[in-house]
Amino acid sequence: MTEQIGFLFNADRCVGCKSCEMACKNENSTPLNVNWRRVSSLKSGKNISISCNHCESPECFRVCTRRAYVKRRDGIVMIDVNRCDGCMNCVSACPYNAPQFDIEKNKASKCTFCLPRREAGLMPACVSACHTGALSTINMEQYPNDTVATIEGFPNIRLTKPSIRFYPVKEKARYWIKN
Amino acid sequence: MMDDLKIHRNVCPRNCYNTCAMLSHVLNGKLIKLEGDPAHGYCQGRLCAKGYAYTRYVYSPERLKYPLRQYPRGSGNWVRITWDEALSQISEKIIELNHRYASNLSLSYNKFSGNVGFLHYATEGMFNSLGSHTKLKGNPCLSAGLDAIAYSSGEGRNPDPEAMSDSKLIVIWGANPAWTAIHQLNFINQARDKGAVLVVIDPVYTATAGLADHYIQVRPGSDGLLALGISKILVEKGKYDASFVENHVEGWDSFRRYLQEIVRIEEVCSLTGVEESTLQFFADLLWQYDPVATWCGFGLQRYQNGGQNVRAIYALSAITGNVGKVGGGFYYFHPGIELFPLNLLNHSGPDDGQISRSVDINYFPSQVLSLTDPPVKLLWIAGRNPLSQDQEVQKWTRLISELEMVVTVDLFMTKTGEMSDIVLPAASHFEDFDLNISYWHQWLALNEPAIPPYFEAKSDLEIARQLTRRLNELRPGFSNFPSERTAEEWIEREFTPEVLRHYGLLSWRDLSAGPAKLLEQNNPWLDLNFKTKSGKFEVFSKGAKEDQLPALPRYRNEKHDSSFPLRLLTPQNITGIHSQNWALEWIGRDEREDVVSINPLDAAERGIKDEDGVRIYNAQGKVTRKARINSELVPGIVLLYQGGKEPVNNLLSGLSADMGKRNSGSDGAALYNAFVEVKKIERD
């Protein structure tokens, strides 16, 4: 492998606007109920935007009996939908719900890191759509020093080594009305 | 066949701060993808979640394809009719009513912000062309705040919101751009990257509050009092712009005396819920940072004392010397539309010797029902869903029962459509020309047709043209609407030499190459030459006094019926705008639409647990929702999002805000002066 491309996420900047999630659907024309990227609220009140993390040790790849998954030299994990038989092993194995199951087609599909855009020199649609800079891309071999491997609320990273880094979440001043 | 991929320029025409320019990707006549137009300096190539979901909006299985008529009204027995039949049936009714009452006063319309593109004033133009009729006045959205600003500075103009990137302190007071104006966060974050501090003041811990460096929770409607308390602290510490108040403030001595003698900090703290240490801290921040930009949202003026709230916050911005300062200033609304002739809206009809009647949009059904000689008999509804969104939503049923014909133009079968006789399918903004500006930023953009109309959908302008032709066939000269004039010709007429000069354009066709921004530095009051009678910033307003309002910004504690103890707040949801919520299905099953948020204390008192089915009710009506316990919500408040199968507006009080007449002809709506009780629904 020559490189590993990944995501960098700043939960302090994410306001949960879901532009990334919708930009992904808009770009990739995914069907209803198939959202390759999803924004959700964490218990801490922060938001998190998760897609496929193009893991160093992808569970989807490991559990797929049809060898539908490949990991490319740039680190991107791809699924060949023609090989997929809809067994859903990958759907249940992935800690990040990255493979999304399309009931009508009986196939799994997932984030491609917007490969066609990448080949045209563009950022993935989700990153281009981010209004606050909360979501960006990085080379995992050269991640910024002030980043951390995970934040509270992100699924366990030990199994798959996801290609995502985080800025640590800061405490902010809150002046609530006392009950 | 070779694939034919074309890219067209469109503009999102929703009632929204951002009015984004979009590039529409059309493959073989089908809209397949949207992207933000990188040539638009405010939106910078990005769209919001709703904007990215527009292909769903255009090709939704729910979208109306053909004109429909139902017999009887409200039965749901819809029959597809042709446009020819629809136009004939409506025209014949109009002419019969004209004959019956010897005027067109029995004809009325209800139209607002479903599509705020210029050419959607075709509805008003179409009615004007009939001569005297029953018109609409007022504004349900922001009119109290507009008056408050006019009393203070003579007219209200935003600084350029892109200039917020040069602020040192940004105070977002009652706005939630994370959900309703996401592009502004780019400029706010630019300032923060240079060290600026973001403060959010809101009763609700919104997504924007989550972003803030400091979040201050305030009791709903007490924002003005909070501003007065902070002003008092600053004045007592001598932390105000002495030279500005000396030379450019009218009534400074009265205001100072009022702050010193009448405003009491203990009362400010107890009514706003903000602790004194927080007041002191925020006052210090305001004085420590320079310049300070204050963004006053629309929500805090939707109270009986809403105008006063805005006056008090504006006064705080002024006495700290931030009005008229680059990177500072007071943000509320940008009235850019005033530059344009608005030929459709202002089209003059024939003089038939009678005078049109005006009905207040906030009390439409009750006022229309009170009209006699002649009564209103035909109602045309476009760009609006009053049976979901009107403040008097319950009275609509009675109004509709008195009408002989109700026509609704919409893209979808709304609550209002369901109670209409004829529903006409409206074109989306991808299907016709339009011209759009923002009430926030300073860009102008052209909307070009990207795809053919969806099945038989037509734009409001096209409908006006065709209905006019039919009316004039039946009764030559009945309408003077220039039905031969095309959309492009209407657009061309908006470009007076003054408009072209302000945007640096030679022709409106230049906009085909990309949006244009107002040329002049549009930060108002740089010269401190206010447009009031005194030429000063009027913290003491004689104009307000003449209008039977307090001359100084004062706080008035509202009273309400204590049998309904919980205040109802009804903000926008992230999935849509008012009842337009096409992004809902793409975002997935987000229950926010059918939940009521309630504080744990209020819930426990009522035996309500998370996910319980509850009834929310008051003297006006009731709705059912699922309870969501939210400890961030202030006790005594429940929060429901707009729209829904049982529209939340069933619970509104129908009260008015204190201001609005001066700019909009009638007072604003006190949408947040609504109080309810919540009860668990017991399973049988």
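Residues numbered from 1 in each chain as written. Chains lettered and ligands numbered in written order. Predicted model: local features only at pLDDT ≥ 70, side-chain atom pairs only at ≥ 80, totals over all residues. Heavy atoms only, no water.

Chain B appears in an unreviewed UniProt entry as Anaerobic selenocysteine-containing dehydrogenase from Desulfosporosinus hippei DSM 8344. You can read under Sequence similarities (unreviewed entry) in the UniProt record for chain B the words "Belongs to the prokaryotic molybdopterin-containing oxidoreductase family." (UniProt positions renumbered as here; feature names shortened; annotations may be inferred.)

Under the annotation held in an unreviewed UniProt entry, chain A carries the name Fe-S-cluster-containing dehydrogenase component and is attributed to Desulfosporosinus hippei DSM 8344.

Student: I'd like a description of the overall build of chain B, backed by residues and values.
Tutor: A count of helical and extended segments in chain B gives 25 helices and 27 strands. A globule of 684 residues ought to have a C-alpha radius of gyration of about 26 Å, and chain B, at 25 Å, matches this closely. C-alpha atoms of chain B, sized along the principal axes, occupy 75 × 70 × 60 Å. In chain B, the share of contacts with a sequence separation of at least 24, taken over all contacts with a separation of at least 6, comes to 75%. (Helix = DSSP H or I, 4+ residues; strand = E, 2+ residues; numbered from the N terminus. Rg over C-alpha atoms; globule rule 2.2 N^0.38 Å. Contact = heavy atoms within 4.5 Å.)

Student: I'd like to hear about the interface of chain A and chain B, residue by residue, with values.
Tutor: Opposite the 31 residues of chain A that make contact, chain B presents 48 residues. For the pair chain A and chain B, the summed buried surface comes to about 3,300 Å²; carbon and sulfur atoms form 54% of the total. The tally of links between chain A and chain B comes to three salt bridges. Inspection of the chain A/chain B interface yields 21 residue pairs in polar contact (both at pLDDT 80 or more). (Buried area = accessible area lost by both parts, 1.4 Å probe. Salt bridge = Lys/Arg side-chain N within 4 Å of Asp/Glu carboxyl O. Polar contact = N/O pair within 3.5 Å; in protein donor to acceptor, adjacent residues only side chain to side chain.)

Student: Account for the packing of helix H9 (residues 223–236) of chain B against helix H14 (residues 306–319) of chain B, with residues named and values stated.
Tutor: Residue and element names in this part refer to chain B. The N-to-C vectors of H9 and H14 enclose an angle of 25 degrees; their axes lie 7 Å apart at closest approach. Taken together, the axes of H9 and H14 are roughly parallel relative to one another. Here H9 and H14 pass one another in a crossing that is left-handed. Together, Asp 223, Gly 224, Leu 225, Ala 227, Leu 228, Ile 230, Ser 231, Leu 234 and Val 235 of H9 and Asn 309, Ala 312, Ile 313, Leu 316 and Ile 319 of H14 make up the contact between the two elements. Grouping the constituent residues of the contact of H9 with H14 by class yields ten nonpolar, three polar and one charged. (Axes fitted to C-alpha atoms, helices over the stretch in contact; angles between N-to-C directions. Parallel < 35°, antiparallel > 145°, perpendicular 65-115°, else oblique. Left-handed = near helix turned anticlockwise from the far one by under 90°. Nonpolar A, V, L, I, M, F, W, Y, C, P; charged D, E, K, R; others polar.)

Student: Requested: an account of the packing of aromatic side chains, with residues and values cited.
Tutor: For the coordinates displayed, the defined rule picks out 44 aromatic pairs over all chains. When the centroid spacing of 5.6 Å and the interplanar angle of 35 degrees are considered together, the rings of Tyr 175 of chain A and Phe 281 of chain B count as tilted. Of this pair, Tyr 175 of chain A sits in strand E10 (residues 173–175) while Phe 281 of chain B sits in helix H13 (residues 276–288), placing the two residues on different chains. On the basis of relative accessible area, Phe 281 of chain B is assigned to the partly exposed category, the value being 28%. One aromatic cluster is present, built from ring pairs that chain together Tyr 17, Trp 295, Phe 298, Tyr 331, Tyr 332, Phe 333, Tyr 439 and Trp 440 of chain B. Taking the ring centre of Trp 586 of chain B as reference, the NZ or CZ of Lys 25 of chain A above it sits at 5.4 Å. A cation sits over an aromatic face here: Arg 485 of chain B above Trp 490 of chain B, 4.5 Å from the ring centre. (Phe/Tyr/Trp six-rings, centres within 6.5 Å; stacked < 30°, edge-to-face > 60°. Buried < 20%, exposed > 50% of the residue type's maximum accessible area, 1.4 Å probe, protein only. Lys NZ or Arg CZ within 6 Å of the ring centre and 35° of its normal.)

Student: Tell me about the domain arrangement of chain B, and name the residues and values.
Tutor: All names here are of chain B. Per the domain assignment, the segments making up chain B are domain 1 (68–140 + 342–517), domain 2 (161–332 + 541–547) and domain 3 (566–680). For domain 1 and domain 3, the distance between their C-alpha centres works out to 30 Å. Contacts between the two partners involve 17 residues from domain 1, matched on the other side by 25 residues from domain 3. With both sides pooled, the region where domain 1 packs onto domain 3 buries about 1,500 Å², and carbon together with sulfur makes up 40% of that total. Considering only the side of domain 1, the residues that lose the most area to domain 3 are Gln 389, Gln 391 and Gln 394, jointly responsible for 36% of the buried surface there. Summed over the shared surface of domain 1 and domain 3, the result is zero salt bridges. Seen at the junction of domain 1 and domain 3, the total is 13 residue pairs in polar contact (both at pLDDT 80 or more). Counting residues per element, the side of domain 1 that touches domain 3 draws most heavily on helix H16 (residues 386–389), at three residues. Taken together, the residues of the side of domain 1 that touches domain 3 break down into four nonpolar, nine polar and four charged. (Domains from an automatic or database assignment.)

Student: How would you explain the state of the cysteines if you had to name every residue and give the values?
Tutor: Residues and elements named next belong to chain A. Inspection of every chain in the model, using the stated rule, returns zero disulfides over all chains. Cysteine Cys 55 shares no disulfide, and the gap to the nearest cysteine sulfur, in Cys 52, comes to 6.1 Å. Cys 52 supplies the cysteine sulfur nearest to Cys 111, a cysteine that is in no disulfide, at a spacing of 5.4 Å. (Disulfide = S-S within 2.5 Å.)

Student: Residue-level account of the packing of H9 of chain B against helix H12 (residues 265–272) of chain B, with values.
Tutor: Residue and element names in this part refer to chain B. Where H9 contacts H12, the two axes come as close as 9 Å, and the packing angle between them is 150 degrees. Comparing their axes, H12 and H9 come out roughly antiparallel. Note that H9 runs across H12; the crossing there is left-handed. Residues Leu 225, Leu 226, Gly 229, Lys 232 and Ile 233 of H9 form the contact with H12, whose own contacting residues are Ile 265, Glu 267, Val 268, Leu 271 and Thr 272. Classifying every residue of the contact of H9 with H12 by side-chain character gives six nonpolar, two polar and two charged.

Student: Which residues make up the environment of Val 359 of chain B, and what are the values?
Tutor: All names here are of chain B. Tracing the backbone shows Val 359 in strand E14 (residues 357–360). A relative accessible area of 1% means that Val 359 is categorised as buried. Measuring from C-alpha to C-alpha, the distance between Val 359 and Leu 371 comes to 9.4 Å, with twelve residues separating the pair along the chain. In this view, Val 359 contacts Thr 134, Lys 135, Leu 136, Lys 137, Phe 364, Gln 367, Val 368 and Leu 371; residues no more than four positions away in its chain are not counted.

Student: A description of the pairing of strand E15 (residues 378–382) of chain B should follow, citing residues and the corresponding values.
Tutor: Residues and elements named next belong to chain B. Burial of E15 is extensive: five of the five residues sit out of reach of the surface. Of the two faces of E15, the one holding Leu 378, Trp 380 and Ala 382 and the one holding Leu 379 and Ile 381 are both buried throughout. Sheet analysis places strand E6 (residues 107–111) next to E15, joined by five bridges and oriented parallel. When the sheet's bridge partners are listed, Tyr 109 is paired in E15 with Trp 380. (Pairing = 2+ DSSP bridges.)

Student: Go over empty space enclosed by the protein, please, and point to the residues and values.
Tutor: Residue and element names in this part refer to chain B. Going through the model one piece at a time under the given rule, you end up with 13 cavities of 30 Å³ or more. Within this model, the largest cavity holds a volume of roughly 150 Å³. Along the walls of the largest cavity sit 17 residues, with Cys 12, Cys 16, Asn 18, Cys 20 and Cys 48 positioned nearest its centre. For the lining of the largest cavity, the secondary structure elements donating two or more residues are helix H1 (49–52) and helix H6 (177–180). Within the lining of the largest cavity, the residues separate by chemical class into eleven nonpolar, four polar and two charged. (1 Å grid on protein atoms, 1.4 Å probe; cavity = no way out; pocket = protein on both sides within 12 Å on 5 of 7 lines; lining within 4 Å. Points joined across faces, edges and corners; volume = space filled by probe spheres on them.)

Student: Tell me what's going on with the nonpolar core, and back it up with residues and numbers.
Tutor: Core analysis: the largest hydrophobic core is formed by 226 residues, its most contacted members being Trp 173, Phe 255, Phe 282, Trp 295, Trp 380, Leu 424 and Phe 495 of chain B. Not counting chain neighbours up to four residues away, the residues in contact with Phe 255 of chain B comprise Leu 228, Ser 231, Ala 315, Ile 319, Val 539, Leu 552 and Pro 553 of chain B. In this structure, Ile 76, Met 78, Leu 135 and Phe 166 of chain A belong to the second largest nonpolar core, which totals 32 residues. (Core = buried A, V, L, I, M, F, W, Y, C linked by side-chain atoms within 4.5 Å.)

Student: Can you break down helix H11 (residues 252–261) of chain B residue by residue, with the values?
Tutor: When H11 of chain B is considered as a whole, its buried residues turn out to be Trp 252, Phe 255, Tyr 258 and Leu 259 of chain B. Burial along H11 of chain B is one-sided: seen end-on, the buried residues are contained in an arc of 130 degrees. (Arc of directions from axis to C-beta.)

Student: Go over the UniProt feature "domain: 4Fe-4S Mo/W bis-MGD-type" (unreviewed entry) in chain B, please, and point to the residues and values.
Tutor: When the UniProt feature table is mapped onto this chain numbering, "domain: 4Fe-4S Mo/W bis-MGD-type" (unreviewed entry) sits at residues 5–62 of chain B. Across residues 5–62 of chain B, helical content stands at 16% and strand content at 36%; the span's end C-alpha atoms are separated by 26 Å.

Student: Describe the side chain of Arg 606 of chain B, naming the residues involved and giving the relevant values.
Tutor: Residue and element names in this part refer to chain B. Inspection of the secondary structure puts Arg 606 in the loop between helix H24 (600–605) and strand E24 (613–617). The exposure class assigned to Arg 606 is buried, which follows from its relative accessible area of 17%. A polar side-chain atom of Arg 606 sits 2.5 Å from a polar atom in the side chain of Glu 677.

Student: Any details on helix H20 (residues 487–494) of chain B? Residues and values, ideally.
Tutor: All names here are of chain B. Those residues of H20 lying buried are Ala 487, Trp 490, Ile 491 and Glu 494. For H20, the angular spread of buried residues about the axis comes to 100 degrees, placing them on one side. Of the surrounding secondary structure, the elements contacted by the buried residues of H20 are strand E18 (434–437), strand E19 (443–447), helix H19 (460–474) and helix H21 (497–503).

Student: Break down unusual backbone geometry for me, citing the residues and quoting the values.
Tutor: Here the amide bond leading from Asp 290 of chain B into Pro 291 of chain B is cis, since omega sits at 0 degrees, within 30 degrees of zero. Looking at the element boundaries, Pro 291 of chain B is found in the loop between H13 and strand E12 (292–296). Residue Pro 374 of chain B follows Asp 373 of chain B across a cis peptide bond; omega there is -5 degrees. Inspection of the secondary structure assignment puts Pro 374 of chain B in the loop between helix H15 (364–369) and E15. Despite not being glycine, Asn 97 of chain A shows a phi value in the positive range, around 55 degrees. Residue placement: Asn 97 of chain A occurs in the loop between helix H3 (89–93) and strand E6 (100–102).

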